[in-house]
Amino acid sequence: MPYIWLFSYVAACVVCLVFVSAPLAVVGFGAALVGGLALALWLAGVVLLGRASWARVRTPEQVRRGILLGRVAPAFVRRDRAWPQYFAAQVLLDVRAVAERALAITRRVWTRPLPWARANPVWWPLYVPVVAVQLGVSLGAAAGVLGVALVAAGVTAAAWLVGGAVVRLLRGVDAGWQAVRRSRASCRHCYELAVVPAYRCLGPHPTEDRLAGDDLHRDLRPGLLGVLWRRCGCGWLLPTTVLRAASSRRLEAHCPSCGEALLPGAGVVTDVRMPVFGPASAGKTQLIMSALVGLHQGGEDAGGEVSLPDERDRQRHEMYTRLMRDGGSPAKTDAGGPPVAVTLRLALRSRVVLVHLFDAAGENLVDREQNARLAYLDHARSLIYVLDPFSVRRVRDGYAEGAPDVFAAANPATHDPEDAYNATVQRLQDYGVRTRRRRLAFVVSKADLLGKLSAGPVEPDGVRAWLVDNGLGNLVLAAERDFGEVRFFLVSGRCPGREGGSGPASWILAREWGSLD
């Protein structure tokens, strides 16, 4: 009898396998295979639409902590707090999320029927279609995930190729514009010069973001955080490239070194820096006063738009204009304070320039330890050296006794002209500045007082010969040896025209930006 029952059970199993389980297995496998593919595609759609709570997201906080690949240039300190470009980081997390979720679902497909199979081993032929479904789901899901990964890899590769080319193009446009326009971001507080300003996002940042500097984008160029646009951690969409950032109302340019606000147009418009150096009482501040008033008037006469960027510059211009009109003299530059920077903005047709005139106390300029902190000297393409003719020994020996009132009004500089020149030029060369690539406006000041003695050059073009004739031939030769281009000027700081400070300033402006004539 046991054999009869065993034979009957085996026969029933064979019949069930052939006529029931096998057809169900074939149909189930095909349906499960399609279902597995559909599952992978559905998971990919859910993840891409941002509806997947299980998917990890690369956040701005993680970006700021340095989780993105690639090195950050030391000038930019760290990556900005912004959302990364999708194909730079998030695509890998999304593919991984799809794969992990598909694996979890197929694992449940395999484990859920096991308790029933263990509890009912006699019905094992009916489990064959279940195994076929499990295999179909597994293979379909695996094929779907592989397809999603291959599509993501292909699209990512294309995005990197196209995006990389666009990034290089946009950065090249920025660099080309800055090279042609000679644009840089000059800070008037720490005197540092930056190619790429830092930009403060004006979006809805909490106070702690402001205090921690997380609202500051130090490198807004196209890259891993966005090609044409980037999304700040606050949610605002910001333009990339310095050219577009300069005109954005959502951004404010700041110095990347000290964090102080920069002038509008920093890094985009032409930036001309004119450091004035020389000994104390040589007439540097008077020259700057005359240059500022003269350039302002010259710009208006040329039909340009002239403005003072901030209230401090406007007040100084008003004071200088009043002193020029009344024949007064500006106060002596404080040796204990920082150098004074005065800025003028000129716009003539499509050309715009920011002109910075830097004035430091003569005592600091001739002192090697003090002038080491005057970083603005290093970044200027042109410099102005002011020589007081009343400090020249032959002038002093020949006219001091006969015209004491003129010498008293001149208040001659007491420092030797050659020592004053050498202190600054040696400082430049010690700091790696190639002065042969710079130009120098060599100014003999106090022309109005020198004229009362009839002791100065007869013609402006004779300044160089006058200096040589009065024992300063070595200084002239040193200037012409140290600088690539030198021009000599005879200037009266009380004159607002080309005979005053605007003469050498206009010469420099014509070399670096364009003529006002």
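Quick note: structure is the one above.
Now for a description of the structure that goes with this document. Source: prediction; values computed, not measured.

Attention now goes to the side chain of Thr-241. Relative to the helices and strands, Thr-241 resides in the loop between strand S6 (237–239) and helix H7 (242–245). One polar contact links the side chain of Thr-241 to the main-chain amide nitrogen of Arg-244, over a distance of 3.3 Å. When near neighbours in sequence (up to four residues on either side) are disregarded, Thr-241 contacts Leu-170, Asp-174, Leu-220, Arg-221 and Pro-222.

Neither face of strand S3 (residues 198–201) is left uncovered, since the one carrying Ala-198 and Arg-200 and the one carrying Tyr-199 and Cys-201 both have all their residues buried. Two elements, S3 and strand S7 (residues 251–254), share 4 bridges in a ladder whose sense is antiparallel. Bridging across to S7, Arg-200 finds its partner in Glu-252. Looking at chain direction, S3 and strand S4 (residues 216–217) are connected through 2 bridges and run antiparallel. From the neighbouring strand, Arg-200 faces S4, where its bridge partner is Leu-216.

Their axes nearest at 8 Å, the elements helix H8 (residues 284–301) and helix H17 (residues 502–512) cross at an angle of 60 degrees. In terms of their interaxial angle, H8 and H17 are classed as oblique. Residue-level contacts link Leu-287, Ser-290, Ala-291, Gly-294 and Leu-295 of H8 to Ser-502, Pro-504, Ala-505, Ser-506 and Leu-509 of H17. Here the residues of the contact of H8 with H17 sort into 6 nonpolar, 4 polar and no charged.

Reading the values: rules and limits
- Residues numbered from 1 in each chain as written.
- Predicted model: local features only at pLDDT ≥ 70, side-chain atom pairs only at ≥ 80, totals over all residues.
- Heavy atoms only, no water.
- Helix = DSSP H or I, 4+ residues; strand = E, 2+ residues; numbered from the N terminus.
- Polar contact = N/O pair within 3.5 Å; in protein donor to acceptor, adjacent residues only side chain to side chain.
- Contact = heavy atoms within 4.5 Å.
- Buried < 20%, exposed > 50% of the residue type's maximum accessible area, 1.4 Å probe, protein only.
- Pairing = 2+ DSSP bridges.
- Axes fitted to C-alpha atoms, helices over the stretch in contact; angles between N-to-C directions.
- Parallel < 35°, antiparallel > 145°, perpendicular 65-115°, else oblique.
- Nonpolar A, V, L, I, M, F, W, Y, C, P; charged D, E, K, R; others polar.

Any functional reading would require information beyond the geometric quantities listed.
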